[in-house]
Each structure stands twice: as C-alpha cells, then as structure tokens.
Amino acid sequence: MTGRSIRIFLADGTTTGTRTAELGLSTIKALAFPRALLSQAFGRPEGQKTGVYILIGEDDAVFGQKRIYIGEGDTVINRISAHNRDADKDFWEEVVLFVSKDENLTKAHVRYVEARLISLAKAAKRSSVANGTEPSEQGKLPEPDQVEMEEFITQSRLLLGALGYDIFETAKIQHRLPEKLPPLSIPSAANELPVTPVDPGEFKFSGPHYDATMRVDLDSGQYIVLAESLARISETASLLPTYRNLRAQLLQNGVLVPSDASSFKFSQDYSFNAPTAAAQVVCASSANGRTAWKLSDGRNFADWQEAELPSTAN
C-alpha cells in the first residue's frame, strides 16, 4: 500500500478539542469537534461550506459501541446546529465533517457521498446507524463525478481513521497467496532496509464448538476472522468483560449469527486489532491469541512473527 501523509492540527492545543485533518496533495479537509464547542465551530470557515458530517456518540443499547448519524448540507454547520435542537438525535457528543478546500462540492456531490457513507457504515457493522432511510446514490451524478466522489470517500475514511474512528472499516483481504511461499530473505547488514513481511496464509483455532480461520492484513495490521468461522456460544467465567461486550456487539450487529445449538457463525469477514481479541471472541473463554492461532505447519502466531524479524532483532 502506498504511503500517505496526513496533517492533524490541534486548534486549541488539546487532543479532545477542535481538530483539523488534511491529506497531503488533496483538497479534502476534515473538522472534528466536541458538541460542547459547537458555538465556536460557527467561526470556522469549514462549517460555512457544502459538506458531509457524522454525528458520533455512545450507543445506549450496546455497551462500548458507537451510534452515528450521517448527513449533508449546503452550509454544513447550520445542519449540525439543527441537530443540536433535535431530541431524536440527542445521543451525539462529537461531530466530524468533511469539505473540499477548492469549493467544488455541490449538493449533488454531497448527497452521493452521504448515501455511500451510510451504506458503508451499515456494511461494516461497527456502529449503530441512526439514519432511518438509506438514500440511493445511483444515477445522481455523471460517471466522472462519481469517480471523483469515490476518491473523496476513500480520503474521508483515511482522515476519520487518523482521528480515531474505524466506523467504516470493513475487513477486506486484498490478496491470497499460494500455499507454497517464497523463502524469507533476511538482510545481512544492520543498515539494510527492513524485510517486507511475507503473508503466512491462514491461521486456525479450533476446539469444542468453535472452528475459526484468521488471516493477517499486512497493510493495516488487522487480524481478520473469515466468514463462516464458528465461535462457541457458551461463555466461560474466565472470558474478560471486554470481550463479553464485544461478542454482544457482534451479535447485535449480525456479524455473529446462530449456526447450531452450540455455535455462532461469522456472517462476514471481521477484523480485530489483536489476535487475542479474535481468539477470545471465538472460543468464548480466556485465551492468548499469540499462541492459540496456528499455521498448518504447527507454528503459532508468535513463532511466525518472531521468524519475520530481521536477524539483528532476534
């Protein structure tokens, strides 16, 4: 994956106040601020433009999950201000908005982006989406404009991730390598460039009523449990509360669905930020994911990762 440069500016010098984020060599700009600073946001030039916004808060129905609302507006800060008076959207505590620095976004553009972001958020199943309807974006823009807006959406997701939110991130395996992998080349001198990790293929983790497959995304550093993997229904007392809550969230969002009397099934690929998180969700018990997930040759994740390090680091 090609590297990208993102510049984040803390407007008031704090990490929880007003922040802007810009992508190098791009016209997109994000503005994020807490609801408490809404009045100050009226003085920001970004809010006076046509743009798309995301209201973000906690989901009272599922512990640890975010609730979001996605919208658009000609003068985007006015739409956000209207939501501040809307009792039906009282959940939000922060907003992130996206505009273009070159003033080229039109109402048709942001309606297309709004529809696509709603669809992406629902597909990712990482948050509950408060939008009651899902507008269609098809046929609303000429093809060249659609291509430009798809790039705008890609950039919006990058900026949102840099600001600490993964609500649009779906697990996608970009490539599947053959089972026979080329030998790993270790640099002979300390000043040589680090080795590019070799995709190890699939890790397995199985036991009574669970049987799962995981792949490592070497671009994002995520651990992806593949669709059709089985997770045990019955939770043991040793399962950490964090992962009990995560399992409840995945059930609520339909990522985990009943398979039989003893097992859930993953309805889609789903990414975790650590192998232990993936392992505990799968086996419904305390587990060390670094040793639980194993390759077909018997090596566990920790063994594989250690072998990937240059010899000077071992």
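Scoring rules and cut-offs
- Residues numbered from 1 in each chain as written.
- Predicted model: local features only at pLDDT ≥ 70, side-chain atom pairs only at ≥ 80, totals over all residues.
- Heavy atoms only, no water.
- Helix = DSSP H or I, 4+ residues; strand = E, 2+ residues; numbered from the N terminus.
- Contact = heavy atoms within 4.5 Å.
- Phe/Tyr/Trp six-rings, centres within 6.5 Å; stacked < 30°, edge-to-face > 60°.
- Buried < 20%, exposed > 50% of the residue type's maximum accessible area, 1.4 Å probe, protein only.
- Lys NZ or Arg CZ within 6 Å of the ring centre and 35° of its normal.
- Pairing = 2+ DSSP bridges.
- Axes fitted to C-alpha atoms, helices over the stretch in contact; angles between N-to-C directions.
- Parallel < 35°, antiparallel > 145°, perpendicular 65-115°, else oblique.
- Left-handed = near helix turned anticlockwise from the far one by under 90°.
- Nonpolar A, V, L, I, M, F, W, Y, C, P; charged D, E, K, R; others polar.
- Salt bridge = Lys/Arg side-chain N within 4 Å of Asp/Glu carboxyl O.

Draft legend 1. The environment of Leu105, seen in detail. Summarising the element assignment, Leu105 is placed in the loop between β6 (92-100) and α3 (107-124). Those residues in contact with Leu105, other than ones at most four positions away along the chain, are Thr50, Val99, Ser100, Val110, Met149 and Phe152.

Draft legend 2. Region of interest: the packing of aromatic side chains. The final tally for this structure, using the stated rule, is seven aromatic pairs. Ring geometry for Tyr223 and Phe301: centres 5.5 Å apart, planes at 80°, overall edge-to-face. Placement of Tyr223 in strand β10 (residues 222-225) and of Phe301 in helix α8 (residues 301-308) is noted, with a sequence separation of 78 residues between them. In this structure, Tyr223 and Phe301 share a single accessibility class: buried. With centroids separated by 5.4 Å and ring planes inclined at 70°, the aromatic side chains of Tyr270 and Phe272 adopt a geometry described as edge-to-face. Pair check on accessibility: Tyr270 and Phe272 agree, each one buried. By way of ring pairs, the aromatic residues Phe203, Tyr223, Phe301 and Trp304 are connected into one cluster. The cationic tip of Arg67 hangs over the ring face of Phe91; the distance from NZ or CZ to the ring centre is 5.4 Å. If you follow Arg126 out to its NZ or CZ, it ends over the ring of Tyr270, 4.4 Å from the centre.

Draft legend 3. Region of the structure containing the pairing of strand β3 (residues 28-34). Taking burial as the measure, the seven residues of β3 include seven buried ones, the bulk of the element. The alternating pattern of β3 places Ile28, Ala30, Ala32 and Pro34 on one face and Lys29, Leu31 and Phe33 on the opposite face, and all of these are buried. One ladder, built from four bridges, connects strand β2 (residues 19-23) with β3; its direction is antiparallel. Paired with Thr20 across the two strands is Leu31, which belongs to β3. As consecutive antiparallel partners, β2 and β3 are separated by four residues, and within that stretch Leu25 has a phi angle of approximately 60°, a positive value. In terms of strand pairing, β3 meets β6 through seven bridges, oriented antiparallel. When the bridges of β6 are listed, Ile28 appears paired with Ser100.

Draft legend 4. Structural context of the sheet that holds β2. Read from one edge to the other, the open sheet built from seven strands follows the order β1-β2-β3-β6-β4-β5-β7, with strand pairing classed as mixed. Edge positions in the sheet fall to β1 (6-10) and β7 (127-129), since each of these pairs with one other strand and no more. With strand direction ignored, the average angle separating the axes of adjacent strands in the sheet is 20°. The strands touched by α3 are β4 (51-58), β5 (66-73) and β7; relative to β5, the strand with the most contacts, the crossing angle is about 165°.

Draft legend 5. Broad picture of the packing of α3 against helix α4 (residues 143-162). Relative orientation of the contacting elements α3 and α4 amounts to 50°, with a least axis distance of 10 Å. The pairing of α3 with α4 is recorded here as oblique in orientation. α4 is crossed by α3, and the crossing has right-handed handedness. Residues His109, Tyr112, Val113, Arg116, Leu117 and Leu120 of α3 lie in contact with α4, whose contacting residues are Asp145, Gln146, Met149, Glu150, Phe152, Ile153 and Arg157. A class-by-class count of the residues in the contact of α3 with α4 yields seven nonpolar, two polar and four charged.

Draft legend 6. Looking closely at the pattern of salt bridges. In this structure the tally under the stated criterion is 18 salt bridges. In this structure, Glu22 and Lys101 form a salt bridge, with 2.8 Å as the shortest nitrogen-oxygen distance. Separated by 79 residues along the polypeptide, Glu22 in strand β2 and Lys101 in the loop between β6 and α3 bring together distant segments of the chain. Taking the shortest distance from any N to any O, the salt bridge between Arg215 and Asp199 comes out at 3.0 Å. Pair noted here: Arg215 is in strand β9 (residues 210-217) and Asp199 is in the loop between α4 and β8 (203-207), with a separation of 16 residues, a long-range link. Across the pair, exposure class does not vary: Arg215 and Asp199 are buried alike.

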